[in-house]
Amino acid sequence: MTLHTPKITGASGRPVIRQLDEAAINRIAAGEVVERPASAVKELVENALDAGAGRIQVDIADGGKTLIRVTDDGCGMGAEDLPLALSRHATSKIDGSDLLDIRSFGFRGEALPSLGAVGRLTVTSRAEGEAAQIACEGSRITPVRPAALTRGTVVELRDLFFATPARLKFLRSDRAEMQAVTEVIRRLAMAEPQVGFTLRDVTGGESRVLFRADPQSGDLFDALQSRLATVIGRDFTDNALRIDAEREGLRLQGYAALPTYSRGSSAQQYLFVNGRPVLDRMLYGALRAAYFDVLSRDRHPAAVLNLIADPQRVDVNVHPAKAEVRFREPDAARSLIITALKSALTGAGHRASSTVGAATLQAFRPVYQMDRPSQPALSRAFAFQAPGFAEEPQVATFAPPSEEKAQPHDEHPQSHPLGAARAQLHENYIVAQTATGIVLVDQHAAHERLVYERLKRQMTDSGIRAQALLIPEIVDLSPTDAARLLDAAPALAQIGLTVEPFGGSAVAIRETPAILGPVNGAALLRDILDELADSGDSQLIQTRIDAILSRMACHGSVRSGRQMRPEEMNALLREMEATPLSGQCNHGRPTYVELSLHDIERLFGRR
C-alpha cells in the first residue's frame, strides 16, 4: 500500500507511531465482530444462552438497522457488574489462564463494548435485589441507574452503525438483513432445543412473529427431533436417520437425511462443534464424502450434526466471529463423520424418502374436476338404483399368470416390504403390489445399485474376479486419454479390468470384471476416462476406485427396454430388500416409488 496518508505523517515527513484512543479501538474491534445486524444478534443471543436462559425473545426493526432488542430470563447481572460488562476484554466466562478450554459461546468480552462503539446500547439487568440499567453511545458510557425488570437481562441496540455511517452503505435491504437474522436464530435454536426462541418484527410499531420455537422436553434426540420439525420441517425428520457414534474421544450426534431426500444446494446442512454453529470446510467436506457414492455431484445431503469433543482438543479462537474451528486431530473428526454416516445409511437398507411418493402423487392430475357429492346425495343416488347395484360394489380382479401363481417357496409375496411383481411397464418399470399399496420400481436404476454393491463386496472380500478375453479388444484413444488411462492401470487391475498399451495411443483390453458379463469395451473405457477427468488427482485411490466401480455397474445392469419374466422381477425385488442403499441408484435418484392404498383412493375421490 503506497498511498499517501497525511494523517499519520509527522513533521519530519515520515509516519509516526501513535496509540489509538479507546473509541477507535472499539470501532476497529466492532468491524471484526459486527459485520451486519445478524452478527449483533448472534453475539447477544449467545450471551443470553451463556447466562442460562430458558426463553429468549428477539425484537427487530428495519432489518436490525434501527432496533435490536434481546430479552432473556437468564441469571442476569448486578449493578456493580454493568460498567465492567461494557469494558473490553472483561468476561465472566473464562479466567484467562487457558484459552484452549472454552466451554461457552462467548469468551473474549468484546461484544458489548463493540456494539456500544457503533450504536446506541442500553443494558438492563437484574440478578438479585433491584434491577439496574446502563447505556453506551459511541463508546460514551453513562452512569448506572435503577430500572424496572422482573428477571434476566434486556439488551437494546438502536441505530446500528450511527457512529460509522459509511458501514450503513454496505448493508443490504431490510428484507435481506431480516433473513440473515432469522437464519442466525434458526441455527442457535437447533443447537439448544431445550430453550425457547421467539423472533418478532416490530417495524413501524407493529409486532409480527417471524419465528417461534417452544422449549422441547425429553431426552436429547426426542427434543432435537421436535425442534428440527419446527425449524426445518416435518419432511426432514420423517426422512432422517438418527446418528449417535463415538470413537477416539469424539462423539457425533444428530440427524442425517436419506440420500433420496437430497437438496439442490447445501442450505440444509447444519454443523455444530460442542453446540456452537460452525462453517468449517473440513467438516462439510467430510459430510460430502460420506454421501459420495449415493449422490451425484449436483445434489447435496441434508444433515444436522453436533460433534462433541473435549474443549482442549478444539481451538475456537481462530476466527473473529468464531465461525471456524481447528481440531488437534482433524483426521479423527473427519473419519468419525464419514464412518458414522456411512454406517447409518447402510443400516437404512432399501428405505427411500417419503417425499418421493408425495411428489409422485402431485404429478397425477385428474382428467376433469367435479365437485364431490355429499353423503346425503350419495345415499339418495344409491336408493334410486336397482337393488343389485345398491349393494356393496364387487371388485373385478385379474388372476395372475399360472407360472407366477405357483410359488411354493413364498406363499405370501405381498408381505415383503417391496411386495410381489404384477406387471412391467414400457420394458423399464416394475409394478409390485404390497400389503398396503403399490411400488413402482425403475429396473435399470435398481439393478445398477445392486451390481455396484456386489462389486464393492467382491473387492473387499476376495478381489473382483476377472474374465480373460479370447481376443483382446483394441480401443483407439487420444494421446492424453491413453496416458491418463495407463496411469490408472494398476488401480483398474484391482477391480478386474486389465489394459495394456498397444502401440501409439491405442490400448488393449485383456480382462474385464466377470460380474459384468459381456461389455462394450470402448464405451466402458470412455466412461472410466470421464470419471478420471472429473475426479482429478486430488482424491484418494479408494475413492477413485469406487467412482469407477459406479460407472462400471451401469454396464453390467439390466438395461431399459428389456422384458423381464415374473420370477426375474421378484428376484430383483428380494435382492433390493437385502441390499443396503438400494433405495437410490449410484447417482442419488430413487430406485422405487411407494404409494399407499390410502393415497391411491384419494386420487380417485374415495377418501
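Going by the structure above, here's the rest.
Residues numbered from 1 in each chain as written. Predicted model: local features only at pLDDT ≥ 70, side-chain atom pairs only at ≥ 80, totals over all residues. Heavy atoms only, no water.

Observations regarding the overall build of the protein
Alright, step 1. On a plain count of helices and strands, the protein comes out with 20 helices and 23 strands.
Alright, step 2. Across the 607 residues in the protein, those meeting the buried criterion constitute 47%.
Alright, step 3. Counting contacts in the protein only where the partners sit at least 6 residues apart, residues at least 24 apart contribute 68% of the total.
Alright, step 4. Per element, the accessible surface of the protein, about 31,400 Å² overall, is 52% carbon and sulfur. (Helix = DSSP H or I, 4+ residues; strand = E, 2+ residues; numbered from the N terminus. Buried < 20%, exposed > 50% of the residue type's maximum accessible area, 1.4 Å probe, protein only. Contact = heavy atoms within 4.5 Å. Areas by Shrake-Rupley, 256 points an atom, 1.4 Å probe, with all protein chains shown as cover.)

So, the sheet that holds strand β11 (residues 250-257)
Alright, step 1. Taken in spatial order, the five strands of this open sheet run β10-β11-β14-β12-β13, and their pairing is mixed. Of all strands in the sheet, those with a lone pairing partner are β10 (240-247) and β13 (276-278), marking the two edges. Averaged over all adjacent pairs, the angle separating strand axes in this sheet is 20°, with direction ignored.
Alright, step 2. Where β10 and β11 come together, eight bridges link them in antiparallel fashion. If you follow R247 over to β11, its bridge partner there is L250.
Alright, step 3. Each of β10, β11 and β14 (303-308) touches helix α6 (residues 220-231); the most contacted strand, β11, lies at about 40° to it.
Alright, step 4. Sheet strands in contact with helix α8 (residues 281-290) are β12 (269-273), β13 and β14, and its direction is about 125° off that of β12. (Pairing = 2+ DSSP bridges. Axes fitted to C-alpha atoms, helices over the stretch in contact; angles between N-to-C directions.)

What about the packing of helix α5 (residues 174-191) against α6?
Alright, step 1. Between α5 and α6, the shortest axis-to-axis distance is 9 Å and the interhelical angle comes to 165°. The angle between α5 and α6 places the two elements in the roughly antiparallel class. α5 and α6 meet at a crossing whose hand is left-handed. Listed contacts from α6 to R186, A189 and M190 of α5 are L224, R227, L228 and V231.
Alright, step 2. A per-class count over the contact of α5 with α6 returns five nonpolar, no polar and two charged. (Parallel < 35°, antiparallel > 145°, perpendicular 65-115°, else oblique. Left-handed = near helix turned anticlockwise from the far one by under 90°. Nonpolar A, V, L, I, M, F, W, Y, C, P; charged D, E, K, R; others polar.)

Notes on the side chain of K456
Alright, step 1. Its location among the elements puts K456 in helix α14 (residues 443-461).
Alright, step 2. According to the relative accessible area criterion, K456 is buried, its value standing at 17%.
Alright, step 3. Not counting chain neighbours up to four residues away, the residues in contact with K456 comprise D293, D546 and L549.

Remarks on the nonpolar core
Alright, step 1. In terms of nonpolar packing, the biggest core is built from 59 residues, with V45, I56, V58, F197 and F236 touching the most fellow members.
Alright, step 2. Sort the elements by how many residues they give to this core and α5 lands first, with nine residues.
Alright, step 3. When neighbours within four sequence positions are excluded, F236 is seen to be in contact with L228, Y255, A257, Y261, Q268, A302, A303 and V304.
Alright, step 4. Grouped together as the second largest cluster of nonpolar side chains are 39 residues, I102, L252, V325 and L341 included. (Core = buried A, V, L, I, M, F, W, Y, C linked by side-chain atoms within 4.5 Å.)

Description of unusual backbone geometry
Alright, step 1. We note that D62 has phi near 55°; this positive angle belongs to a residue other than glycine.
Alright, step 2. Note on placement: D62 falls in the loop between β1 (55-61) and β2 (67-72).
Alright, step 3. Backbone geometry places N274, a non-glycine residue, at a positive phi of 55°.
Alright, step 4. With respect to the secondary-structure elements, N274 resides in the loop between β12 and β13.

Focus on the pairing of β1
Alright, step 1. Burial within β1 is extensive, with five of its seven residues counted as buried.
Alright, step 2. Across six bridges, β1 lies against strand β8 (residues 196-201) in parallel orientation. Its bridge partner lying in β8, D59 is registered against R200.
Alright, step 3. Pairing analysis gives six bridges linking β1 to β2, with the strands arranged antiparallel. Within β2, the residue paired with D59 across the bridge is R69.
Alright, step 4. The hairpin turn running from β1 into β2, its antiparallel successor, is five residues long, and D62 in that turn takes a positive phi close to 55°.

Examining helix α19 (residues 566-578)
Alright, step 1. Its 13 residues give α19 an end-to-end C-alpha distance of 19 Å, which sits within 8% of 18 Å, the value for a rise of 1.5 Å per residue.
Alright, step 2. Among the residues of α19, P566, E568, M569, N570, L572, L573, M576 and E577 are the ones counted as buried. (Expected span 1.5 Å × (residues − 1).)

Here's the deal with the side chain of D59
Alright, step 1. You can see D59 is positioned in strand β1.
Alright, step 2. You can call D59 buried: its relative accessible area is 1%.
Alright, step 3. A distance of 3.4 Å separates a polar atom in the side chain of D59 from a polar atom in the side chain of Q57.
Alright, step 4. A distance of 2.8 Å separates a polar atom in the side chain of D59 from a polar atom in the side chain of R200.
Alright, step 5. Setting aside its immediate chain neighbours within four residues, D59 contacts L67, I68, R69, R200 and V202. (Polar contact = N/O pair within 3.5 Å; in protein donor to acceptor, adjacent residues only side chain to side chain.)

Functional significance is not addressed by these values, which are geometric in nature.
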